Amino acid sequence: MLDAVPSGGVRGTALLLPGYTGSKEDFIAMLEPLTDAGYRVVAVDGRGQYETPGPGDQSAYAQYELALDVLAQARAVGESVHLLGHSLGGQIARAAVLTDRSPFASLTLLSSGPAEVAPAQREKVKLLSDALGVMDMEQVWQAMRALDPPEDADDPGARGDREDLRRRWLRHDPAQLLATGRQLVTEPDRVAELAALRPPLPVHVISGERDDTWPVPLLDAMAERLGAHRSRIAGAEHSPNTDRPGETAAAVAAFWDRHPVRPQ
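Here is what the cut-offs are and how they apply
- Residues numbered from 1 in each chain as written.
- Predicted model: local features only at pLDDT ≥ 70, side-chain atom pairs only at ≥ 80, totals over all residues.
- Heavy atoms only, no water.
- Helix = DSSP H or I, 4+ residues; strand = E, 2+ residues; numbered from the N terminus.
- Expected span 1.5 Å × (residues − 1).
- Buried < 20%, exposed > 50% of the residue type's maximum accessible area, 1.4 Å probe, protein only.
- Polar contact = N/O pair within 3.5 Å; in protein donor to acceptor, adjacent residues only side chain to side chain.
- Salt bridge = Lys/Arg side-chain N within 4 Å of Asp/Glu carboxyl O.
- Pairing = 2+ DSSP bridges.
- Axes fitted to C-alpha atoms, helices over the stretch in contact; angles between N-to-C directions.
- Contact = heavy atoms within 4.5 Å.

Engineer: Please explain helix α7 (residues 174–186) as it appears in this structure.
Structural biologist: Since the α-helix packs 3.6 residues into each turn, any two residues three or four apart lie on the same face. The terminal C-alpha atoms of α7, which comprises 13 residues, lie 19 Å apart, in line with the 18 Å expected from a rise of 1.5 Å per residue. Looking at α7, one finds that the buried residues are A175, Q176, L177, L178, A179, T180, G181, Q183 and L184. For α7, the capping residue at the N-terminal end is D173, with a side-chain oxygen 2.8 Å from the backbone nitrogen of A175.

Written out as structure tokens, the structure is:
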């Protein structure tokens, strides 16, 4: 985990969950502005992601099991935790809240939609799952890189970023990727359940201006169904946390400010 603590008083504590193939490092650029806003921020690798080991059995990555992990993490970091999940992490966060709402002060769904991913993304997940069935992680990585734009090969910055991503990718558990990939393509719409929680939980739906995993109009409609606060981050796509981290952190902190909790 990454645990970032403000130098002054703490206004609240937040738990951040990464997406499919992601890790806690996806939130690094948001940590400083969020701590500057007075929040302790804990970003985690989920079970089987990067530096959190997990078993090689796909059943260990059932959504309910991952939701129980989130509940345990929330109770470990404090009471009345602001929960944020990106993409797949948002759906796991939703499952945690629906299992037990009590540890949470709010829920932020960052580029995370109401149900299964868009058809083109379902095809990508299937291709990755098929590859994981016959290749090791290094072979899959090389196959994915063969699809990169040719100009990336000549860009030193892109090469450096790619090596960091490769290092993280190789430490993911294939069973986790297979099980959570299946979740992404079969997730039911649970928006009505979330909207029906009592007492109500404040919800924030954030996305970029464009998103090919869940279309932005679908995210707009989800926010309306939830009565949620809605933010669109200019210049961002599926990962506002890395595309526009400063602007995303400002939107997140402003939402948390509207739902204060007792400092931890």
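That was the structure; now back to the text.
Engineer: What is the right way to read the pattern of salt bridges from this model?
Structural biologist: Between side chains of opposite charge, a pair can form when the charged atoms approach closely. A complete count under the given rule lists 22 salt bridges for this structure. Where R47 meets D69, a salt bridge forms, and the shortest distance between an N and an O atom there is 2.8 Å. Remark: D69 occurs in helix α2 (residues 63–77) and R47 occurs in the loop between β3 (39–43) and α2; sequence separation between them is 22 residues. The closest approach of N and O atoms between D164 and R168, which form a salt bridge, is 2.7 Å. Here the residue D164 and the residue R168 both occupy positions in helix α6 (residues 156–170), the gap between them amounting to 4 residues, near one helical turn.

Engineer: Could you clarify how one ought to interpret the sheet that holds strand β1 (residues 2–4) in this entry?
Structural biologist: In a beta sheet, neighbouring strands are held together by backbone hydrogen bonds and run either parallel or antiparallel to one another. Across the sheet, 7 strands lie side by side as β1-β3-β2-β4-β5-β6-β7; this open sheet has mixed pairing. For this open sheet the edge positions go to β1 and β7 (229–233), each flanked by a neighbour on one side alone. Here the average twist between neighbouring strands, direction ignored, is 15°. Of the strand pairs in this sheet, strand β6 (residues 203–208) and β7 are connected by 5 bridges, and their pairing is parallel. For S207, the partnering residue across the bridge sits in β7 and is R232. In the packing of helix α3 (residues 88–99) onto the sheet, contacts are made with β2 (12–17), β4 (81–86) and β5 (104–110), and the angle to β4 comes to roughly 140°. Where helix α9 (residues 216–226) meets the sheet, it contacts β5, β6 and β7, and its direction lies at approximately 170° from that of β6.

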